[in-house]
Amino acid sequence: MSVSIQYRFRHEDDLHASGALRGVEDEWDKAFGGTPYQAWNWQAAQKSGTGFLYSGATRLPDEVNQACGAIQIASDLLSRLRNSAGGSDWRVSVDEQELPWDAKHLEFNPDQ
């Protein structure tokens, strides 16, 4: 049984062109010594009104302890992207269980 983290948000700018999304991919690869369980998987951005809709899903390891560590890393990367790039309508979930945004600490918190 595989577990995935899903992510979606809206932004007015083309973050693919600016390289902001590539930074998340690079950090994900670096966190696992260049060999992640699965490469970060951004879907092609969809034009949405005056901006873009970004989404994707990345499969996590099957082993529970490894999956928990990968969820922490993914949450941190997405938190840093949200804090640096902004955007709206952020949704991050692990197998349909939404990760809450901690407004006090400005991070997705999988432990809540």
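Remember, predicted model here, so these are calculated numbers, not experimental data.

**Looking at the overall build of the chain**
Counting secondary structure elements, the chain contains three helices and seven strands. Mapped from its N terminus to its C terminus, the chain presents α and β elements in the order β-α-α-β-β-α-β-β-β-β. On C-alpha atoms alone, the chain measures out to a radius of gyration of 13 Å, which is about the 13 Å that the 2.2 N^0.38 rule sets for 112 residues. Referenced to the eigenvectors of the C-alpha coordinate spread, the extents of the chain come out at roughly 40 × 30 × 25 Å. In the chain, which comprises 112 residues, the proportion classed as buried is 38%. For the chain, the proportion of contacts with a sequence separation of at least 24, taken over those separated by at least 6, is 66%. Per element, the accessible surface of the chain, about 6300 Å² overall, is 46% carbon and sulfur. Positive and negative charge centroids in the chain, built from 10 and 17 side chains respectively, lie 4 Å apart.

**A short note on the packing of aromatic side chains**
Counted by the stated rule, this structure contains 11 aromatic pairs. Where Tyr 7 meets Trp 40, the ring centres are 4.7 Å apart and the plane angle is 10 degrees; that geometry is what we call stacked. Linking Tyr 7 in strand β1 (residues 3-11) with Trp 40 in the loop between α2 (20-31) and β2 (46-48), this pair joins segments that are 33 residues apart in sequence. Each member of the pair, Tyr 7 together with Trp 40, is buried. Connected via pairs of aromatic rings, a cluster forms that spans Tyr 7, Phe 9, Trp 28, Phe 32, Trp 40, Trp 42, Phe 52, Tyr 54, Trp 90, Trp 101 and Phe 108. The ring of Phe 52 carries Lys 47 above its face, with NZ or CZ at 4.8 Å from the centroid. Of note, Arg 82 hangs over the ring of Trp 101, and the distance from its end group to the ring centre comes to 3.9 Å.

**Side note on the side chain of Asn 109**
Structurally, the position occupied by Asn 109 is in the segment after β7 (107-108). Classification of Asn 109 by relative accessible area gives buried; the value is 14%. A polar side-chain atom of Asn 109 sits 2.8 Å from the main-chain amide nitrogen of Asp 111. Non-local contacts of Asn 109, meaning those with residues more than four positions away in its chain, are made with Pro 100 and Asp 102.

About the criteria used
Residues numbered from 1 in each chain as written. Predicted model: local features only at pLDDT ≥ 70, side-chain atom pairs only at ≥ 80, totals over all residues. Heavy atoms only, no water. Helix = DSSP H or I, 4+ residues; strand = E, 2+ residues; numbered from the N terminus. Rg over C-alpha atoms; globule rule 2.2 N^0.38 Å. Buried < 20%, exposed > 50% of the residue type's maximum accessible area, 1.4 Å probe, protein only. Contact = heavy atoms within 4.5 Å. Areas by Shrake-Rupley, 256 points an atom, 1.4 Å probe, with all protein chains shown as cover. Lys, Arg positive; Asp, Glu negative; His and termini not counted. Charge placed at Lys NZ, Arg CZ, Asp CG, Glu CD. Phe/Tyr/Trp six-rings, centres within 6.5 Å; stacked < 30°, edge-to-face > 60°. Lys NZ or Arg CZ within 6 Å of the ring centre and 35° of its normal. Polar contact = N/O pair within 3.5 Å; in protein donor to acceptor, adjacent residues only side chain to side chain.

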